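Observations on the model geometry
This is what each chain is made of:
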Amino acid sequence: MDKLYFEDFLPGEIVEYGDTPVTADAIVAFAREFDPQPFHLDAQAARESMAGELIASGWHTAAMLMRMSCDAFLNRSASQGGPGVEELAWSKPVRPGDRLHVRRTTLSARASRSRPAIGLVEFLFEVLNQNTDVVMTQKNSVFFLRRAAEEAAS
Amino acid sequence: MIALFYEDHRIGQSARIGAHEFTREAIIAFARAYDPQPFHLDDAAGAASLFGSLCASGWHTASVCMRTLIDFREAQRVAAAARGKPLPALGLGAGVRDLRWISPVRPGDVITYSVQVESMRETRRPQWGIVGIRATGVDQNGREVLSYTSQALVARRGQ
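Residues numbered from 1 in each chain as written. Chains lettered and ligands numbered in written order. Predicted model: local features only at pLDDT ≥ 70, side-chain atom pairs only at ≥ 80, totals over all residues.

**Notes on the overall build of chain A**
Within chain A, the secondary structure is distributed over 5 helices and 5 strands. Starting at the N terminus and ending at the C terminus, chain A contains elements arranged as β-α-α-α-α-β-β-β-β-α. Each principal axis of the C-alpha distribution contributes one length, and for chain A these read about 60 × 30 × 25 Å. In chain A, which comprises 154 residues, the share counted as buried stands at 37%. Sequence separation of 24 or more characterises 70% of the internal contacts of chain A that already satisfy a separation of 6 or more. (Helix = DSSP H or I, 4+ residues; strand = E, 2+ residues; numbered from the N terminus. Buried ≥ 20, exposed ≤ 12 C-beta atoms within 10 Å, placed from the backbone. Contact = placed C-beta atoms within 7 Å.)

Shown next as structure tokens:
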């Protein structure tokens, strides 16, 4: 497939991608390294906690979204990373046995005035589980090279 | 020092929660697992990118901030328990706003993380309040690399 540039992201476009199975081992491995709280580490301790069951760290869900986006489109794009995330909301728990996928809506696309080689695309990412419950939403922008600039350089 | 119970928080209260060195190995291992973009994996690709060199995934710097906060809070809980004080139940995070990756984190950088209490509000559930904190990460040259505001449930002392 052709490489994706700034011009290829059209506001209003909605695409779905990804299929990430969530295992207890993966939840615990991420939590041990980055978020060692009882409800992310141990099923028994989780039952006695506010969560009531073992659930994934919200940062883990964000990392799984990133991986699905890399695999689905970022790694065949002219992405130059992003400046940050406007909003990240964890609306439902992510549990062992869940399967996650992504619905991506392109919200806006604007060329940079100061840097003519790049443009900024704003996305809404919704992470859904196998029951199509939205477990996380994330609104953020990504820099992409512009096709014209890349062609002029080559 | 950041409080453990909701009622003991004060707007503006802040703490330096810890520091972490980002090694090349850890940057690449995180990127392989969660963010395999070329500029997080490979020196040449990093040099050719807008970042100008290999740099850590922003999710890596944010996740290490979470780890640093958990370790800091755990040390406070252990100290409180040793003094015979009651410990609150742990609450879940609700979300994050205004997460900024301000400048790239490169191999060998040491990031010092801090938090400051930014907001407090009660919820309909009498046992939980919501505390908003601003978290920041600064590199060894004093340059800010990361900041975000998070909202999390914090247990109330109760009656």
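Anyway, onward from the coordinates.
**Description of the overall build of chain B**
Counting secondary structure elements, chain B contains 4 helices and 5 strands. From first element to last, N terminus to C terminus, chain B shows the α and β order β-α-α-α-α-β-β-β-β. Once the C-alpha set of chain B is aligned to its principal axes, its extents read approximately 60 × 30 × 30 Å. Looking at chain B as a whole, 35% of its 159 residues qualify as buried. In chain B, of all internal contacts separated by at least 6 residues, the share reaching a separation of at least 24 is 68%.

**Overview of the pairing of strand E4 (residues 118–128) of chain A**
Residues and elements named next belong to chain A. Sheet topology note: the strand E3 (residues 99–111)/E4 ladder contains 10 bridges and is antiparallel. By the bridge assignment for E4, Thr105 is matched with Leu124. In this structure, the hairpin formed by E3 and E4 is closed by a connection of 6 residues. Two strands pair when backbone bridges link them, and E4 and strand E5 (residues 134–145) are joined in this way by 11 bridges, in the antiparallel orientation. From the neighbouring strand, Phe125 faces E5, where its bridge partner is Gln138. Linking E4 back to E5 in an antiparallel pair, the connection comprises 5 residues, with Thr132 at a positive phi of about 60°. (Pairing = 2+ DSSP bridges.)

**What about the confidence of the model for chain B?**
One rule of thumb: low pLDDT means the predicted coordinates there are not for detailed reading. In the predicted model, chain B carries a mean pLDDT of 95, and 99% of its residues have values of at least 70. What the predictor reports for the complex is a pTM of 0.96 with an ipTM of 0.95. (pLDDT = per-residue confidence, 0-100.)

**Description of the interface of chain B and chain A**
Opposite the 28 residues of chain B that make contact, chain A presents 30 residues. For the side of chain B that touches chain A, the elements supplying multiple residues, two or more each, are helix H4 (58–82) and strand E2 (93–101) of chain B. Looking at which element gives the most residues to the side of chain B that touches chain A, the answer is E2 of chain B, with 9 residues. Across the side of chain B that touches chain A, the residue classes tally to 17 nonpolar, 6 polar and 5 charged. As paired elements, strand E2 (residues 84–90) of chain A and E2 of chain B share 5 bridges and run antiparallel to each other. Directly across from Val85 of chain A, in E2 of chain B, lies its bridge partner Leu99 of chain B. (Nonpolar A, V, L, I, M, F, W, Y, C, P; charged D, E, K, R; others polar.)

**Some points on the pairing of strand E5 (residues 144–155) of chain B**
Residue and element names in this part refer to chain B. Here E2 runs beside E5; their pairing, made up of 6 bridges, is antiparallel. Counterpart to Val96 in the pairing with E5 is Ser150. Alignment of strand E4 (residues 128–138) against E5, held across 11 bridges, turns out to be antiparallel. From the neighbouring strand, Ala135 faces E5, where its bridge partner is Tyr148. Connecting E4 to the next strand, E5, in antiparallel fashion are 5 residues, including Gly142 with a positive phi near 85°.

**Re the sheet that holds E2 of chain A**
Reading across the sheet, the 10 strands line up as E1(A)-E3(A)-E4(A)-E5(A)-E2(A)-E2(B)-E5(B)-E4(B)-E3(B)-E1(B) and stay open at both edges, with antiparallel pairing between neighbours. Both edges of this open sheet fall to strand E1 (14–21) of chain A together with strand E1 (14–21) of chain B, since each of them pairs with a single strand only. Pairwise comparison of adjacent strand axes, ignoring direction, gives a mean angle of 20° for this sheet. (Axes fitted to C-alpha atoms, helices over the stretch in contact; angles between N-to-C directions.)

**Description of helix H1 (residues 24–34) of chain B**
Residues and elements named next belong to chain B. Residues of H1 that are buried: Ile27, Phe30, Ala31 and Tyr34. Here the buried residues of H1 occupy an arc of 100° about the axis, which is enough to place them on one side. Exposed and facing more than 90 degrees away from the buried side of H1 are Glu25 and Arg32. (Arc of directions from axis to C-beta.)

**Focus: the nonpolar core**
Generally speaking, nonpolar side chains in soluble globular proteins are found buried as a group. Grouped together as the largest cluster of nonpolar side chains are 63 residues, with contacts concentrated most on Ala62, Ala63, Leu65, Met66 and Val127 of chain A together with Ala62 and Cys65 of chain B. With 8 residues, helix H4 (residues 58–72) of chain A is the largest single contributor of residues to this core. Core analysis: the next-biggest nonpolar cluster, separate from the first, contains 8 residues, Tyr5, Phe6, Phe9 and Ala78 of chain A among them. (Core = buried A, V, L, I, M, F, W, Y, C linked by C-beta atoms within 7 Å.)

**Some details on unusual backbone geometry**
Residue and element names in this part refer to chain A. We note that Thr132 has phi near 60°; this positive angle belongs to a residue other than glycine. Of note, Thr132 is situated in the loop between E4 and E5. You can call Thr132 exposed: it has 9 C-beta atoms within 10 Å.

**What to know about the environment of Glu21 of chain B**
Within the secondary structure, Glu21 of chain B sits in strand E1. In this structure the C-alpha to C-alpha distance between Glu21 of chain B and Glu74 of chain B, which are 53 residues apart in sequence, comes to 20 Å.

**A few points about H4 of chain A**
Taking 1.5 Å of rise per residue, 15 residues should cover 21 Å, and H4 of chain A covers 21 Å from first to last C-alpha, within 8% of that figure. Burial within H4 of chain A is extensive, with 13 of its 15 residues counted as buried. (Expected span 1.5 Å × (residues − 1).)

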